[in-house]
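Architecture at a glance
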Amino acid sequence: MKPTDLSTPTHFHKVVDCQWACPAHTPVPEYIRLIAAGRYTDAYMINWHSNVFPGILGRTCDRPCEPACRRGRVEKEPVAICRLKRVAADNKEEVLSRMPPVPARKNGRRIACVGAGPASLTVARDLALLGYEIHVYDAEARGGGFMWTQIPRFRLPESVIEEEVGYITGRGGVVTHYNHRVRSLKALLAEGFDAVFVGCGAPRGRDLDVPGRAEAAANIHIGIEWLAKVSFGHVERIGRRVIVLGGGNTAMDCCRSARRLGGEDVKVIVRSGFEEMKASPWEKEDAMREGIPILNCLVPKQVLHENGRLTGMVFEKVKAEYDARGRRNLVPTGEPDVTYACDDVLVAIGQE
């Protein structure tokens with residue numbers, strides 16, 4: 001057996017399962033002990049160093065730490081690590097005085113960040129503390145990216161986003177250029193920046209390519225674009241019968257938002273089986289708790305329409321078969337196609 005390598009913290013991360021499972025390797029046991037002691041502000045700062053947006057993550061994180069939690073070996077449910085992060089954020093006291101100061105004297109280097117979402121804001125926070133002059137560009141009127149536009153307000157209040165984005169953009173060292181779409185990296189580099197960080201994310205949702213899609217386009221919406229329109233107040237209602245296509249967390253946000261905008265008969269239809277869906281278990285549970293059924297192993301086959309008006313969709317029943325290497329293929333079962341009537345379709349089948 002090789003000697004333990006103590007030159008990096010990797011060994012210690014691996015020792016604590018939840019910490020190793022966290023992409024940021026947040027010291028979970030440390031901040032949970034602080035919460036248990038009522039030291040919410042201290043617990044928040046532990047998270048802030050690792051996670052940048054503790055209050056936001058405490059409401060929206062995909063929780064890879066919880067399946068790894070050791071408690072799951074002896075009890076049915078793990079420790080509610082994600083929600084405890086929110087507990088710290090909601091009960092903390094003033095934290096600005098606890099944050100590292102932004103140097104008044106800069107180091108002479110200028111950095112441009114394209115996009116004002118979590119990636120660019122994280123870069124801006126860390127480099128501003130090192131004396132860099134950071135310029136953040138975004139086409140929207142405020143920073144936060146998808147945190148503003150794609151996560152519904154019933155999951156993530158505006159006040160939480162404003163507070164935690166403000167800890168980055170409001171402390172100096174970061175110059176924001178909102179309502180400014182970057183159309184040329186060449187032109188941006190010509191402004192004398194020492195480096196450019198491109199953090200524009202995956203803003204395009206994948207579309208559906210089946211017969212009838214183009215004819216019924218008025219009532220078929222790309223999920224992430226529709227969520228943005230809801231967020232900005234451009235969409236305030238939806239049809240009574242709604243089909244949401246896709247099995248990820250975006251689909252869960254779409255179906256629950258549709259329910260709140262007047263959808264009485266909202267259903268989620270997924271190609272894969274229930275267990276193979278990409279949505280987190282708690283997201284699926286929240287949707288089903290609101291009376292939204294999830295129908296699995298159905299592949300879109302055709303969009304039905306009358307004179308350009310969407311009337312329904314036809315689906316083919318499939319089943320999963322696995323080859324010798326464990327790769328999954330969806331093959332038709334041979335059963336009759338299934339038709340569902342609808343007034344609107346939300347397409348949440350992936351982003352690019």
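Each chain carries its own residue numbering, running from 1 in the direction its sequence is written. For a predicted model such as this one, the threshold for reporting local features is a pLDDT of at least 70, and the threshold for listing and counting side-chain atom pairs is 80 or more; totals across whole chains, interfaces and linings nevertheless cover every residue. Excluding hydrogens and water, the side-chain values take into account all heavy atoms of the structure.

Describing the pairing of strand 9 (residues 298-306)
Strands are labelled as partners when DSSP assigns at least two bridges between them. Each helix is a run of H or I in the DSSP string that is no shorter than four residues. Each strand is a run of E no shorter than two, and both are numbered from the N terminus. Sheet topology places strand 9 next to strand 10 (residues 309-322); eight bridges connect them, and they run antiparallel. Among the inter-strand pairings, Leu304 is bridged to a residue of strand 10, identified as Gly312. Where strand 9 folds back onto strand 10 in an antiparallel hairpin, the turn is made up of two residues, including Asn307, whose phi is positive at roughly 55°.

Side note on helix 13 (residues 249-260)
Expected span of a helix, by definition, is 1.5 Å for each gap between consecutive residues, and there is one gap fewer than residues. In this model helix 13 runs 17 Å from its N-terminal to its C-terminal C-alpha over 12 residues, within 8% of the 16 Å that 1.5 Å per residue would give. Listed as buried for helix 13 are Ala251, Met252, Asp253, Cys254, Cys255, Arg256, Ser257 and Ala258. In this structure, the buried side of helix 13 is in contact with helix 12 (223-231), strand 6 (241-245), strand 7 (265-269), helix 14 (281-289), strand 8 (294-295) and strand 13 (344-347). Following helix 13 by one or two positions, Gly262 has its phi on the positive side, about 110°. Exposure is judged per residue with a 1.4 Å probe applied to protein chains only, and the accessible area is read against the type maximum: over 50% gives exposed, under 20% gives buried, and values in between give partly exposed. Here, two residues are considered to be in contact whenever any of their heavy atoms come within 4.5 Å of each other.

Examining unusual backbone geometry
Although it is not a glycine, His25 sits at a positive phi angle of roughly 50°. With respect to the secondary-structure elements, His25 resides in the loop between helix 2 (17-21) and helix 3 (28-36). Residue classification places His25 among the partly exposed residues on the basis of a relative accessible area of 24%.

Observations regarding the pattern of salt bridges
Definition used for salt bridges: Asp or Glu carboxyl oxygen within 4 Å of a side-chain nitrogen of Lys or Arg. Throughout the structure, instances matching the rule amount to 25 salt bridges. For Asp207, the salt bridge goes to Arg213, with nearest N and O atoms at 3.0 Å. In this structure Asp207 comes out as partly exposed when scored by relative accessible area, which is 43%. Note that Asp343 is salt-bridged to Arg241, the shortest N-O span being 2.9 Å. Pair noted here: Asp343 is in the loop between strand 12 (338-341) and strand 13 and Arg241 is in strand 6, with a separation of 102 residues, a long-range link. A relative accessible area of 21% means that Asp343 is categorised as partly exposed. In the salt-bridge network here, residues are joined through shared partners; they are Arg256, Arg260, Asp286, Arg289 and Glu290.

Comments concerning the sheet that holds strand 8
Spatially, the five strands line up as an open sheet ordered 5-13-6-7-8, and their pairing is parallel. Single-partner strands in this sheet number two, and they are strand 5 (220-222) and strand 8. The pairing of strand 7 with strand 8 spans two bridges and is parallel. Bridge pairing in strand 8 links Val268 to Ile294. Note on method: axes are straight lines fitted to C-alpha atoms, helices fitted across the in-contact stretch only, with angles between N-to-C directions ranging 0 to 180 degrees. Along the sheet, helix 13 makes contact with strand 6, strand 7, strand 8 and strand 13, crossing strand 7 at roughly 170°.

Looking at the packing of aromatic side chains
A pair of Phe, Tyr and Trp rings is counted when the ring centres sit within 6.5 Å of each other, with Trp represented by its six-membered ring. The angle between the planes then sorts it: under 30 degrees is stacked, over 60 is edge-to-face, the rest tilted. Going through the model one piece at a time under the given rule, you end up with two aromatic pairs. Relative to Phe193, the ring of Tyr137 lies with its centre 6.3 Å away and its plane at 90°, an arrangement referred to as edge-to-face. Residue Tyr137 is found in strand 2 (residues 133-137), and its partner Phe193 is found in the loop between helix 11 (185-189) and strand 4 (195-198); the two are separated by 56 residues along the sequence. The burial state of Tyr137 is the same as that of Phe193; both residues are buried. Here, over-ring charges are defined by two tests on the NZ atom of lysine or the CZ atom of arginine: distance to the ring centre within 6 Å, and angle to the ring normal within 35 degrees. Over the ring of Phe193 we find Arg110, and its NZ or CZ is 4.4 Å from the ring centre.

With respect to the packing of helix 4 (residues 40-51) against helix 7 (residues 81-91)
Helices that pack against each other are described as a pair by the angle of their axes relative to one another and the distance between those axes. Contact pair helix 4 / helix 7: the axes reach a minimum separation of 8 Å and the direction vectors enclose 115°. In this structure, helix 4 crosses over helix 7, and the sense of that crossing is left-handed. Residues Tyr40, Ala43, Tyr44, Asn47 and Asn51 of helix 4 form the contact with helix 7, whose own contacting residues are Lys85, Val87, Ala88, Ala89 and Asn91. Side-chain classes are defined by residue name, with Ala, Val, Leu, Ile, Met, Phe, Trp, Tyr, Cys and Pro counting as nonpolar, Asp, Glu, Lys and Arg as charged, and the others, Gly among them, as polar. For the contact of helix 4 with helix 7, a count of residues per class yields six nonpolar, three polar and one charged. Note: crossing handedness is left-handed where the near helix turns anticlockwise from the far helix by less than a right angle, and right-handed where it turns clockwise.

Topic: the sheet that holds strand 1 (residues 110-114)
Taken in spatial order, the four strands line up as 3-2-1-4 in an open sheet, and their pairing is parallel. Each having just a single partner strand, strand 3 (174-177) and strand 4 make up the two edges of the open sheet. Geometrically, the sheet is characterised by an average inter-axis angle of 20° between neighbouring strands, direction not taken into account.

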